[in-house]
Amino acid sequence: MEVLLVLGGIIMTNYLDLSLIEINNKLKNREIKPIDLVMECFSKIENNEDLNCFITLNKEEAIKKALELENKEVDNILFAIPIAIKDNIITKGLKTTCGSNMLNNFIPTYDAYVINKINNCNMIVIGKTNMDEFAMGSSNQTSYFGCVLNAWNKSKVSGGSSGGSAVSVSSRIVPFALGSDTGGSIRQPSAFNGIVGLKPTYGRVSRYGLVSFASSLDQIGPMSRNVLENSMLLNCIVGKDNNDLTSCEKDIEDFSRLIGEDIKGIKIAIPNFYVNDNINNDIKANFNNVVNMLKNKGVIVDYVDIDYIEYSVPLYQIIALAEASSNLARFDGIRYGYCTDKKINNADELYKYNRGEGFGEEVKRRIMIGSYVLSGDNVQEYYYKALSIRKIISDGFSNLFKEYDYIIGPTTTTLPYNIGEGQNDAVKSFFDDLLTIPVNMAGLPAMSLPIGINNNLPIGMQIICNKFEEAKIYKLASFIEKELNLNLDPRGDLNE
Amino acid sequence: MLIIRKEEHLIYVLLFLIINVVYVIIYIGDFMDKLSREEVLHVAHLGKLYLNEEEIEKYKIQLKQIMDEVNKIKNLDIKESDFLVSPSDNINIYSNHEIKQVDREKILSNSCNRDGSFIGVRWYNND
């Protein structure tokens, strides 16, 4: 592979196009230095500035760390590998905005658990990625810092809310990014940008230091160029954390250990809801091709029903927004956050102006709905009822996993759409997550991986497993990835 | 002098009735598609949010769109009596109290109204 490119007289490397194992070998053999990788990232960020996938860069610290690592032994596969971090994961001394004016100048005083983990592996944080404000959105159009453009077509949305993370990986600026997934925020932008994104089992990765949106649904997960590398990042970030009550105690495992095993005889369920008439025909066609390929390889596939799964959107609107209204109550603009310049008469006015001016349109809309469903008798009529339906859906998944190894379906109902489309439709962003929400309700692990391309726009499918069976997801995903052999890379195809 | 024949009078009465029916339909239709100003201000108050006039008008429609979806749950007849509040199976155990040293200076620097070693709250009175 050609490793040096000459652009306008400046020598630019493309080491980051190599596989993780190849980069690791070059670092071990001292053919390249950590600083080469870091400088390549910042050079690519500069060349792709219009994608708007970063809010804050960590250039000075990244260079400093890269130089420090030159004298250390390469002791793990992620050593000196650059990574981008979604801007709702707090980073000590590095601005963390959540894509909001509310936290425009917020400098955290400690690191999130996952940041400590990637620091332990000596990965290098390149910067904080753009996202929908407080992770509320599925197109990255609600960010205070502007829309993120799709890596495959700059007139299309990137998806969200982890749009900046997905685009930074897809456009090959960084090999890895961390995202968070409350209703599909890792999987949906991964599908829209042709990369691999995993939402781990709820409790597998500590949420300590993740700015909460909906605490019973949020989960941090890895985003990468391919399946194997995704499993390597998951290996790094999992673990029991006493600072997160919901973090689970599990034995250390290698999530890549089942990759390459035979899939003949495995049983897969496809919920009829996942192939309903609202799903784009091109997406269904690509998904059906994969299903036929799996059948030809000896996989048993059945179509099944899950009770109440069609109510996922209103269920999410009640549970997620109720939790969000409570979680976001802490942002009063007094101890930290946006502060109004307006003349105010009392404390109530101060809170209302700080929050009214600091939050964007989508966030305010969601806080209001959440506050409403939790007020007075509405708790019985909406919230408790939603929790009962959540139990039924979760039980429905559990029952299916008694008989089947996997549940699969498309990740999204549509291909990436035009920027600005559906801006006046208050429910569109929820319906974008129609197929991803049920997984969060049940706390299951699920991955989106690319399965095709249509009109130069990527298509993704979801693989869902029972709780704590991520290794099985990697096994099937890796098989499909190998069979399809897509190697999606948007560079060269970007619309000028 | 204007003389209206009996047939014409009937037509005028009919026209008057039709116009009123159309007006009522439009009024009800408008009401059905929007929340009232009072309803929007009520939920904004619950969420401790100030809204300007433009936002109030916008949210009248948008909040109604979301509530139409949310009400699908309200209208369901559910037999299940158990709840799923969290997918975590962990038992709620409180961790031991632990004193951690924090950098006071760094914490204070995040406040926009710092007053020496305190966080100030801006306060204006009408008088």
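Structure: see above.
Described below are features of the structure shown in this document.

Conventions and cut-offs
Residues numbered from 1 in each chain as written. Chains lettered and ligands numbered in written order. Predicted model: local features only at pLDDT ≥ 70, side-chain atom pairs only at ≥ 80, totals over all residues. Heavy atoms only, no water. Helix = DSSP H or I, 4+ residues; strand = E, 2+ residues; numbered from the N terminus. Contact = heavy atoms within 4.5 Å. Areas by Shrake-Rupley, 256 points an atom, 1.4 Å probe, with all protein chains shown as cover. Buried < 20%, exposed > 50% of the residue type's maximum accessible area, 1.4 Å probe, protein only. Pairing = 2+ DSSP bridges. Buried area = accessible area lost by both parts, 1.4 Å probe. Salt bridge = Lys/Arg side-chain N within 4 Å of Asp/Glu carboxyl O. Polar contact = N/O pair within 3.5 Å; in protein donor to acceptor, adjacent residues only side chain to side chain. Patch = residues over 30% accessible without salt bridge, like charges linked within 9 Å, V, L, I, M, F, W, Y side chains within 5 Å. Axes fitted to C-alpha atoms, helices over the stretch in contact; angles between N-to-C directions. Parallel < 35°, antiparallel > 145°, perpendicular 65-115°, else oblique. Left-handed = near helix turned anticlockwise from the far one by under 90°. Nonpolar A, V, L, I, M, F, W, Y, C, P; charged D, E, K, R; others polar.

## A word on the overall build of chain B
A tally of regular secondary structure across chain B gives 4 helices and 2 strands. What you see in chain B, going N to C, is helices and strands ordered as α-α-α-α-β-β. Look at the contacts in chain B between residues 6 or more apart in sequence, and 31% of them connect residues 24 or more apart. Total accessible area computed for chain B in this model is approximately 10200 Å², and 60% of it derives from carbon and sulfur atoms.

## Let's talk about the pairing of strand β8 (residues 220-224) of chain A
Residues and elements named next belong to chain A. Counting buried residues along β8, 5 of its 5 residues qualify, which places the element largely inside the surrounding structure. A two-sided burial pattern is seen for β8, the buried positions comprising Ile220, Pro222 and Ser224 on one face and Gly221 and Met223 on the other. In this structure, strand β6 (residues 176-180) lies alongside β8, joined through 5 bridges in antiparallel fashion. The residue bridging Leu178 from the neighbouring strand is Pro222, located in β8. Bridge count for strand β7 (residues 196-199) against β8 is 2 bridges, and the pairing is antiparallel. In the strand pairing of β8, Gly197 is matched with Met223.

## Things to note about the interface of chain A and chain B
On the side of chain B, 55 residues touch chain A, which itself brings 76 residues to the contact. When the buried area of chain A at its contact with chain B is split by residue, Lys352(A), Met368(A) and Lys385(A) rank highest and sum to 11% of it. Seen at the junction of chain A and chain B, the total is 4 salt bridges. With a shortest N-O distance of 3.1 Å, Asp348(A) and Lys48(B) are connected by a salt bridge. Our count for the chain A to chain B interface comes out at 23 residue pairs in polar contact (both at pLDDT 80 or more). Considering each element in turn, the side of chain A that touches chain B owes the most residues, 12 residues, to helix α12 (residues 378-403) of chain A.

## Quick word on the side chain of Ser190(A)
Following the sequence through the fold, Ser190(A) ends up in helix α6 (residues 187-193). Filtering out sequence-adjacent residues up to four positions away, Ser190(A) remains in contact with Ala166(A), Ile195(A), Val196(A), Gly197(A), Met223(A) and Ser448(A).

## Side note on a nonpolar patch on the surface
Residues and elements named next belong to chain B. On the surface, Leu10, Val13, Leu14, Phe16, Leu17 and Ile18 cluster together into a nonpolar patch covering about 590 Å² of accessible area. In this structure, Phe16 sits in helix α1 (residues 6-33). Owing to a relative accessible area of 55%, Phe16 belongs among the exposed residues under this scheme.

## Some thoughts on the packing of helix α11 (residues 361-373) of chain A against helix α3 (residues 53-74) of chain B
Remark: α11(A) packs on α3(B), axes separated minimally by 11 Å, with the N-to-C direction vectors making an angle of 55°. Between α11(A) and α3(B), the angle is such that the two are oblique. In this structure, the crossing between α11(A) and α3(B) has a hand that is right-handed. Contact with α11(A), carried on its side by Glu361(A), Lys364(A), Arg365(A), Met368(A), Ile369(A), Tyr372(A) and Val373(A), involves Glu55(B), Lys58(B), Tyr59(B), Gln62(B), Leu63(B), Ile66(B), Met67(B) and Val70(B) of α3(B) and no other residues of that element. Looking at the contact of α11(A) with α3(B) residue by residue, the classes come out as 9 nonpolar, 1 polar and 5 charged.

## Some words on the sheet that holds strand β13 (residues 457-464) of chain A
All names here are of chain A. The strand order across the open sheet built from 11 strands is β3-β5-β4-β6-β8-β7-β12-β13-β11-β9-β10, with neighbouring strands paired in mixed fashion. Edge positions in the open sheet fall to β3 (54-57) and β10 (300-304), since each of these has one partner strand only. Taking the axes of each pair of neighbouring strands and ignoring which way they run, one obtains an average angle of 30° across the sheet. Across the sheet, helix α5 (residues 163-170) lies against β3, β4 (82-86), β5 (124-129), β6 and β8, angled at about 160° from β6, the strand it touches most.

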